[in-house]
Amino acid sequence: MAPILALFSVCDRRTSAYPSHRSSEATVFSLGYLVRTWETNLFSDSLTMAQVEKRGGLLRKSSASKKPLKEKVVLMYDEIFMTEDPSKCSPRFWEELFLMKVNLEYLEGKLESLDGEELMKIKDNINCLFQHCIQALGEEHPIRVVNALQNLMESLDSLLCAEGSESLKSLCLKLLLCLVTVTDNISQNTILEYVMINSIFEAILQILSHPPSRREHGYDAVVLLALLVNYRKYESVNPYIVKLSIVDDEATLNGMGLVIAQALSEYNRQYKDKEEEHQSGFFSALTNMVGSMFIADAHEKISVQTNEAILLALYEAVHLNRNFITVLAQSHPEMGLVTTPVSPAPTTPATPLGTTPPSSDVISSVELPLDADVQTSNLLITFLKYSSIVMQDTKDEHRLHSGKLCLIILTCIAEDQYANAFLHDDNMNFRVNLHRMPMRHRKKAADKNLPCRPLVCAVLDLMVEFIVTHMMKEFPMDLYVRCIQVVHKLLCYQKKCRVRLHYTWRELWSALINLLKFLMSNETVLLAKHNIFTLALMIVNLFNMFITYGDTFLPTPSSYDELYYEIIRMHQSFDNLYSMVLRLSTNAGQWKEAASKVTHALVNIRAIINHFNPKIESYAAVNHISQLSEEQVLEVVRANYDTLTLKLQDGLDQYERYSEQHKEAAFFKELVRSISTNVRRNLAFHTLSQEVLLKEFSTIS
């Protein structure tokens, strides 16, 4: 914050030094000075907010014999909106004003009634109002502090909605972000009670729905909204939650989606640049000479800080507003393939990747019509690419939380009927290039070989990728559970709507079986920290889902045959799992009940193995074949379906819907605390340099 303090500490001197454009310039510097004042003088939790009075400010109505009587504060407001300096006749005018009970409705009405010409006539008085509000914030008298803040906040709201200086709006937003994040725990920031009562929600939406304002201020507006939504969200009725949940204006929702998509896309682009730079360097050449033994270490060097603030905004939009689901599928040209001229911005100090807000929207559905020769994208694709990056490395707590939030968002999407409709739509095919963790036993897939498929295939690819790449000592049990839940919910939709998805299901089956093998081989270590039987039961029930209902959603009969082939081929893994859970379920221990559930869930898998294995052995003996090919095994399977007896299992296509308040409250409280700290630390006041501000306001007469 040091550059800010240096820049704005001369607020009062600047006002008198530039009389030709005193109002707007001094207002800007006053806002900057307020940030300094607010950071050094935290408001006490004991502050209470003044109640709103009637807009007219009348103490009594007019009659035939008497004139209407107005409140004194209303009369003082009227003096401010005159061309004369109100303190000329009354030297103690400003001191008295901040001891008066604020009439917000009257002040708001006066500000809204002014046009540009009228505002310029009283610019000196408006500037004085800002200056004295700021000075009053340093007072010890709590009434003056509260009243000054209320006057100032009302002015900020009017500035955000008004057509005027973009730099002024930017400072207003950054000031509001500073006010919101002044405490790490925003729910303990009592000043936000005022922002709850006197909402700035409409002003934020206006910025998002208006392309020029969105390009300049969209990022700050979206982050501010995400933080306000999380103020005491579990303790009381938060009006921002209610209002966000019912927004149905297409321009506003699309504007919010564009801001989020741009921020995530910028992160993806910077990560890809870092990756390519790393691969083309000396280390890459050395690796090629000595082998791939250092691949994992190389990957860790390009792990970068994630943008959790914008991710939280996406979560709140998806979770609270069903209308926002349509924005996820809004097609637009691939952001990485489209470039648009951007106005030059002042050079800013380097900040961690992902924390710097993008300078402008890269795309606009109006400015950039779709081109048949250009790869199209949408917010969901951008998010999936982002998730594939942040979910690669979950070794530290920060990245673990980012990966968890990505999976929570995917959980909300997988539960939504409309989202599933466009995820599985055969007419909406995209080529999604997910980032894959470098591993010794596989080569990086070429981007050009990626097929165009329904988006649900990319979601399943992401889940398979996570399953395969995170079987490690520090086992992320919670993330694995969420990953399997996402797959299960997608299968439930396919079963319900009889969607026959053409997907390489074998990759999923193989990943699940390898995960079971990992759980068994690390039983002792994992049981000391986790209940692995919960995860094992979920995996087994996924196979039961395929066995019981696969004929309704697998693409072809041969796909169902391949399922049986994989179960038979990997029968030793299922046999070992059964032995492990049987052993623990027959002993009197803490895992008895959990292991028993897995034992019962394995009944159909064991029935398949016990039914087909003798017939396969018999076929091999009769035909004098030591080792059967896949086609020969499938021939035996197809010939013996009729004699197979399976048990009908209930509830396989049912699941518990996601609930934030009951299960995730602690996670989001900690996440918002972390975001609040990062937002306050990275507030980019340096992007509004003194030189730029002076140049802008030098044109104001």
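Residues numbered from 1 in each chain as written. Predicted model: local features only at pLDDT ≥ 70, side-chain atom pairs only at ≥ 80, totals over all residues. Heavy atoms only, no water.

### Looking at the overall build of the chain
Phase 1: A count of helical and extended segments in the chain gives 35 helices and 6 strands.
Phase 2: The buried share of the chain, taken over its 701 residues, is 53%.
Phase 3: Contacts in the chain between residues far apart in sequence, at least 24 positions, make up 79% of those at least 6 positions apart.
Phase 4: Carbon and sulfur atoms provide 52% of the accessible area of the chain, an area that totals close to 32300 Å². (Helix = DSSP H or I, 4+ residues; strand = E, 2+ residues; numbered from the N terminus. Buried < 20%, exposed > 50% of the residue type's maximum accessible area, 1.4 Å probe, protein only. Contact = heavy atoms within 4.5 Å. Areas by Shrake-Rupley, 256 points an atom, 1.4 Å probe, with all protein chains shown as cover.)

### Looking at unusual backbone geometry
Phase 1: Here Arg232, not a glycine, exhibits a phi torsion of approximately 45 degrees, which is positive.
Phase 2: With respect to the element layout, Arg232 can be found in the loop between helix H13 (211–229) and helix H14 (239–245).
Phase 3: Residue classification places Arg232 among the partly exposed residues on the basis of a relative accessible area of 23%.
Phase 4: A positive phi is found at Arg498, a non-glycine position, where the angle reads about 55 degrees.
Phase 5: For Arg498, the position within the fold is in the loop between helix H24 (477–497) and helix H25 (505–521).
Phase 6: Accessibility expressed as a relative area gives 57% for Arg498, which makes it exposed.

### Some remarks on the packing of aromatic side chains
Aromatic ring pairs are described here by two measures, namely the spacing of the ring centres and the angle between the planes.
Phase 1: Tallied over the full model, the rule gives 22 aromatic pairs.
Phase 2: A ring pair is formed by Tyr315 and Tyr658, whose centres lie 6.4 Å apart and whose planes are at 85 degrees; its orientation type is edge-to-face. Residue Tyr315 is found in helix H18 (residues 308–320), and its partner Tyr658 is found in the loop between helix H32 (630–639) and helix H33 (660–663); the two are separated by 343 residues along the sequence. With respect to burial, Tyr315 and Tyr658 carry one shared label: buried.
Phase 3: By way of ring pairs, the aromatic residues Tyr503, Trp505, Trp509, Phe546 and Phe553 are connected into one cluster.
Phase 4: In this structure, Lys233 packs its charged tip against the face of Phe668, placed 5.6 Å from the ring centre. (Phe/Tyr/Trp six-rings, centres within 6.5 Å; stacked < 30°, edge-to-face > 60°. Lys NZ or Arg CZ within 6 Å of the ring centre and 35° of its normal.)

### So, the packing of helix H20 (residues 379–390) against helix H23 (residues 455–469)
Phase 1: Packing of H20 against H23 leaves a shortest axis separation of 11 Å and a crossing angle of 10 degrees. In terms of axis orientation, H20 runs roughly parallel to H23. In this structure, H20 uses Leu380, Ile381, Leu384, Ser387 and Ser388 to contact H23, whose residues at the interface are Leu455, Ala458, Val459 and Leu462.
Phase 2: Broken down by class, the residue content of the contact of H20 with H23 amounts to 7 nonpolar, 2 polar and no charged. (Axes fitted to C-alpha atoms, helices over the stretch in contact; angles between N-to-C directions. Parallel < 35°, antiparallel > 145°, perpendicular 65-115°, else oblique. Nonpolar A, V, L, I, M, F, W, Y, C, P; charged D, E, K, R; others polar.)

### Details of the packing of helix H27 (residues 532–553) against helix H31 (residues 603–622)
Phase 1: In the contact formed by H27 and H31, the axes pass within 9 Å of each other and the chain directions differ by 65 degrees. Seen from H27, the contacting residues are Val540, Phe543, Asn544 and Ile547; seen from H31, they are Asn604, Ile605 and Ile608.
Phase 2: Looking at side-chain class alone, the contact of H27 with H31 contains 5 nonpolar, 2 polar and no charged residues.

### Quick word on H13
Phase 1: With 19 residues, H13 should cover 27 Å at 1.5 Å per step; its first-to-last C-alpha distance of 23 Å lies more than 12% under that length.
Phase 2: Residue His217 marks the point of greatest curvature in H13, where the axis turns by about 75 degrees.
Phase 3: Along H13, 15 of the 19 residues are buried, which leaves the element largely enclosed by surrounding structure. (Expected span 1.5 Å × (residues − 1). Bend = angle between axes of the 7 residues up to and from the residue.)

### A look at the nonpolar core
Nonpolar side chains in soluble globular proteins tend to be buried together.
Phase 1: One finds Phe324 and Phe533 to be the most contacted residues of the largest nonpolar core, which totals 175 residues.
Phase 2: Top element by residues in this core is H27. It accounts for 14 residues.
Phase 3: The contacts of Phe533, once residues within four sequence positions are left out, are Leu527, Met580, Val581, Leu584, Trp591, Ala594, Ala595 and Val598.
Phase 4: Formed by 20 residues, the second largest nonpolar core is a distinct cluster that contains Val73, Phe93, Leu97 and Tyr106. (Core = buried A, V, L, I, M, F, W, Y, C linked by side-chain atoms within 4.5 Å.)

### Quick notes on the side chain of Thr552
Phase 1: Looking at the secondary structure, you find Thr552 in helix H27.
Phase 2: Take Thr552: its relative accessible area is 11%, and that puts it in the buried class.
Phase 3: A distance of 2.6 Å separates a polar atom in the side chain of Thr552 from the backbone oxygen of Tyr549. (Polar contact = N/O pair within 3.5 Å; in protein donor to acceptor, adjacent residues only side chain to side chain.)

### Regarding H18
Phase 1: End to end, H18 covers 18 Å across 13 residues, agreeing with the expected 18 Å (1.5 Å per residue, within 8%).
Phase 2: Where burial is concerned, most of H18 is hidden: 11 out of the 13 residues are buried.
Phase 3: All of the buried residues along H18 are Glu308, Ala309, Ile310, Leu311, Leu312, Ala313, Leu314, Tyr315, Glu316, Ala317 and Val318.

### Describing the confidence of the model for the chain
Phase 1: Mean pLDDT over the chain works out to 78, with 71% of the residues at or above the 70 mark.
Phase 2: Here helix H1 (residues 2–8) stands out as the least confident element of the chain, with mean pLDDT 30; H24 is the most confident, with 97.
Phase 3: Across residues 336–356, confidence stays below pLDDT 50; counting only partners more than four residues off in sequence or on other chains, it has 29 contacts. (pLDDT = per-residue confidence, 0-100.)

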